[in-house]
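Now for the letters of each chain:
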Amino acid sequence: DGFKPENLFRQGYSYTYDDVIFLPGYIGFPVDKVDLSTKLTRNISLSIPCVSSPMDTVTESSMARAMAALGGIGIIHSNCPPDEQAAHVRAAKAHRFPILSNPIFRSPSDRISSLDDFATSPCILVTQSGDSKSKLIGYISQFQWMELPDGSKEAPLADYMVSSVDFVGWDSDLSQIVEYFDAKGPKVDFAPVAGRSGEIVDVVARADVETLRGYPRLLGGGSVGPDGELMVGAAIGTRESDKVRLEHLVKAGANVVVLDSSQGNSIYQIEMIKYIKRTYPELDLIGGNVVTMSQADNLIKAGVDGLRVGMGSGSICTTQEVCAVGRGQATAVYKVSSIASQSKVPVIADGGISNSGHIVKALTLGASTVMMGSFLAGSSESPGAYMVQDGRRVKKYRGMGSLEAMTKGSDARYLGDTTKLKIAQGVVGAVADKGSVLKFVPYTVQAVKQGLQDLGAASLQDAHDLLKSTLRLEVRTGAAQVEGGVHGLVSYEKKPF
Ligand code: XMP
């Protein structure tokens, strides 16, 4: 009944996730017994198989911190100067509480002139010299400042700040921060967070803690590296200047580096892999992107610790149309995984994920993690401001190969070089406001567990074993795809009686 994967994928078709469907297996365990812990690379383990894309509308510090706190990982994009990218890595790793603020420091003699002084944070921290390195003496929140009687607002901060010298440590988790607020009582709304060397690196708002309490349980202790900090990845290219970028990133504590290329099987990437392995033997390295077994074989031989799979399957990609190369993502993941598993190199299924079923398919077809762009874009943690479009809150989401993205930070790399005209391989769009990834990723993960349970797999290893033994799948006809989605309904509106 159904096709063995090796038979289905040898027929000469390029299948996307939507083209295929698995036949259910036998359920012998409850859904909560499904364990999604996995490997990103040979040496990096994660507790959930979710990775955020290195795109400038997806992963900067806020997303990277949240993804790591959830047990996944974020890869900081490289469409900015190296020191800026390194600062994102540092900020993401600075402490474990998953919501990032942007603290403002002032000295006790400073005065606040307007609400604009609170532009990047609802709380101003007062330290002896007005910087993060000197001793903390108090704080004032935007709300408290607005409530001051007229005439007092212009006074030096020392006259009205809330005197407080306490802070929480960089490795405090949610429960320790809750304890801090409980001990301080209802008048204290902010908890300053100290970095490793005692400087104040951030501030946690009581409101953020309350928000998190209402979310589904965060999935575990987060992805913590050997340095005790949250793990963060970063993307680089294969140019000479990327060696300098890499140095910045390594100093900032990046745990893994992704060589970001749409066609990774190149002399440039192979030479870069060899350089990195020689220079930073301890650093885990993800190569790609690849979609064929021979591409994968070349990068595995060059020494990668993980492989990123996908070409033209992303929601904003036009590579397949512009360059006539690529592969349907289900076929690509299956084919590359079948060779990568022989060398125990984990595969990251990159692009084309728009629902939990796609994640189940990617993982069952051999991937160890999925990398997502559009699925995570439009969240509170993605970079950029919300806009209102046709009455809906949206955020910009753009391909890194779009002309707009290339013009932004990479004009020196692309358009500035007039001898090489760059051809766009991506588009710019917008995605709807999704709220926080801290809220919707746990729901998605639960749905993925249910999918694996239906297949009879209690872990990713089980799923990969099934792929080689009893898993059977079929191609869905166009009508089957329609039948598998919501159909035959008219829109339903609640009528007031
Ligand atoms: P999703 O479907 O998750 O895809 O939005 C994200 C992935 O798409 C790739 N990417 C691009 N591919 N042109 C492309 O052909 C582009 O401009 C582009 N930008 C991103 C990338 O692999 C990402 O993780």
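- As annotated in an unreviewed UniProt entry, the protein is Inosine-5'-monophosphate dehydrogenase from Punica granatum.
- What UniProt states about the protein under its Cofactor (unreviewed entry) heading is, verbatim, "K(+)".
- As recorded by UniProt, the Pathway (unreviewed entry) comment attached to the protein reads in full: "Purine metabolism; XMP biosynthesis via de novo pathway; XMP from IMP: step 1/1."

### Quick word on the side chain of Arg476
Consideration 1: Checked against the element boundaries, Arg476 lands in the loop between β21 (473-475) and α16 (478-484).
Consideration 2: Look at Arg476: it is buried, it has no salt bridge, and the nearest opposite charge is Asp18 at 4.0 Å.
Consideration 3: At a separation of 3.1 Å, a polar atom in the side chain of Arg476 contacts the main-chain carbonyl oxygen of Asp18.
Consideration 4: Residues within four places of Arg476 in sequence aside, it is in contact with Asp18, Asp19, Val20, Ile21, Lys361, Gln481 and Gly484.

### Overview of helix α3 (residues 82-93)
Consideration 1: End to end, α3 covers 17 Å across 12 residues, agreeing with the expected 16 Å (1.5 Å per residue, within 8%).
Consideration 2: Among all positions of α3, only Gln85, Ala86, His88, Val89, Ala92 and Lys93 are buried. The arc that holds every buried residue of α3, seen down its axis, measures 150°, which confines them to one face.
Consideration 3: Elements in contact with the buried residues of α3: α2 (61-69), β5 (73-76), β12 (233-236) and α7 (241-252).

### Points about the UniProt feature "binding site: K(+)" (unreviewed entry) in the protein
Consideration 1: Look at the UniProt record and you will see "binding site: K(+)" (unreviewed entry) annotated at Gly312, Gly314 and Cys317.
Consideration 2: Relative to the helices and strands, Gly312 resides in the loop between β15 (306-309) and α10 (319-323).
Consideration 3: The class of Gly312 is partly exposed, set by a relative accessible area of 22%.
Consideration 4: Among the structural elements, Cys317 can be located in the loop between β15 and α10.

So, how was this worked out
Residues numbered from 1 in each chain as written. Predicted model: local features only at pLDDT ≥ 70, side-chain atom pairs only at ≥ 80, totals over all residues. Heavy atoms only, no water. UniProt positions renumbered as here; feature names shortened; annotations may be inferred. Helix = DSSP H or I, 4+ residues; strand = E, 2+ residues; numbered from the N terminus. Buried < 20%, exposed > 50% of the residue type's maximum accessible area, 1.4 Å probe, protein only. Lys, Arg positive; Asp, Glu negative; His and termini not counted. Salt bridge = Lys/Arg side-chain N within 4 Å of Asp/Glu carboxyl O. Polar contact = N/O pair within 3.5 Å; in protein donor to acceptor, adjacent residues only side chain to side chain. Contact = heavy atoms within 4.5 Å. Expected span 1.5 Å × (residues − 1). Arc of directions from axis to C-beta.

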